[in-house]
Every structure is written in C-alpha cells, then in structure tokens.
Amino acid sequence: ADADFRQFKEKFSILIVDDNEENCLLLERYLHRLGFSNIQIAHDGYQSLALKDRADLMLLDVDMPGMSGIDVLTNIKEDILQGRI
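Cut-offs used in this document
- Residue numbers run consecutively from 1 along every chain, following the written order of its sequence.
- pLDDT decides what is reported in this predicted model: residues at 70 or higher carry local features, side-chain atom pairs at 80 or more are listed and counted, and totals for whole chains, interfaces and linings draw on all residues regardless.
- With hydrogens and water excluded, all non-hydrogen atoms of the structure serve as input to the side-chain values.
- Note on terminology: a nonpolar core comprises buried Ala, Val, Leu, Ile, Met, Phe, Trp, Tyr and Cys residues joined through side-chain atoms within 4.5 Å.
- Note on exposure labels: buried denotes an accessible area under 20% of the residue type's maximum, exposed denotes more than 50%, and partly exposed covers the range between, all computed with a 1.4 Å probe on protein chains only.
- We call two residues in contact whenever any of their non-hydrogen atoms come within 4.5 Å of each other.
- We define a salt bridge as a side-chain nitrogen of Lys or Arg found within 4 Å of a carboxyl oxygen belonging to Asp or Glu.
- The helix count covers DSSP runs of H or I at least four residues long, the strand count covers runs of E at least two residues long, and both are numbered beginning at the N terminus.

**Thoughts on the nonpolar core**
Next up, step 1: In terms of nonpolar packing, the biggest core is built from seven residues, these being Phe12, Ile14, Ile16, Cys24, Leu31, Phe36 and Ile39.
Next up, step 2: Sequence-distant contacts of isoleucine 16, defined by excluding residues within four places in its chain, comprise Cys24, Leu27, Glu28, Leu31, Ile39, Gln40, Ile41, Ala42 and Leu59.
Next up, step 3: With five residues, the next largest nonpolar core counts Leu15, Val17, Ala42 and Leu51 among its residues.

Written out as structure tokens, the structure is:
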C-alpha cells in the first residue's frame, strides 16, 4: 500500500497559483517533502488557465492582480457549464 501511495504522489499533478514568488517556493518545497514531484507554478490567473488541464489539483490564491482567483474559478465554471471541460 505504501508503494502504491508513493506512486500516486509521483503522478498526481499540482498547480500552485500565486503572484507572490516566496509563497510559491515555500509551498513547492513543502509538497516536495511530502513526496509530490509533479508540481507546476503559475504567477497569475491567466497562466493558471493555460495550465489548468494539466493539473489534478489547483492551489489558488484568491487575491491576485489582473485576474483574481475568483475570476479563475468563474472561468473554469463557465468552461464546465459549456462542456469545454
């Protein structure tokens, strides 16, 4: 069971979205220590939308300039309702 979970963590993809570089690096290091290795970082909402299809989990900052986290979620919800996801 341990080996299965280790394999799962290696394949599970996480997208960190935050305009603060320090927050991204801190969270990335923490996730690496937990055994997750498939981690991507986006520094704004626009980048996150471009990468969303490659992520199993998105850790999203709500307060970002340009496109907020709420805007990102609204966009994703629209994609789902329109059948694009």
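**A look at the pattern of salt bridges**
Next up, step 1: Evaluated as defined, the whole model comprises two salt bridges.
Next up, step 2: With a closest N to O distance of 3.3 Å, aspartate 79 and lysine 52 form a salt bridge. On the criterion of sequence distance, the pair formed by aspartate 79 in helix α4 (residues 69-81) and lysine 52 in the loop between α3 (45-51) and β3 (57-60) is long-range, its members being 27 residues apart. Lysine 52 matches aspartate 79 in its accessibility class, with the two residues each being buried.
Next up, step 3: With a closest N to O distance of 2.9 Å, arginine 84 and aspartate 79 form a salt bridge.
Next up, step 4: Looking at arginine 84, the relative accessible area reads 56%, which means it is exposed.
Next up, step 5: Looking at aspartate 79, the relative accessible area reads 10%, which means it is buried.

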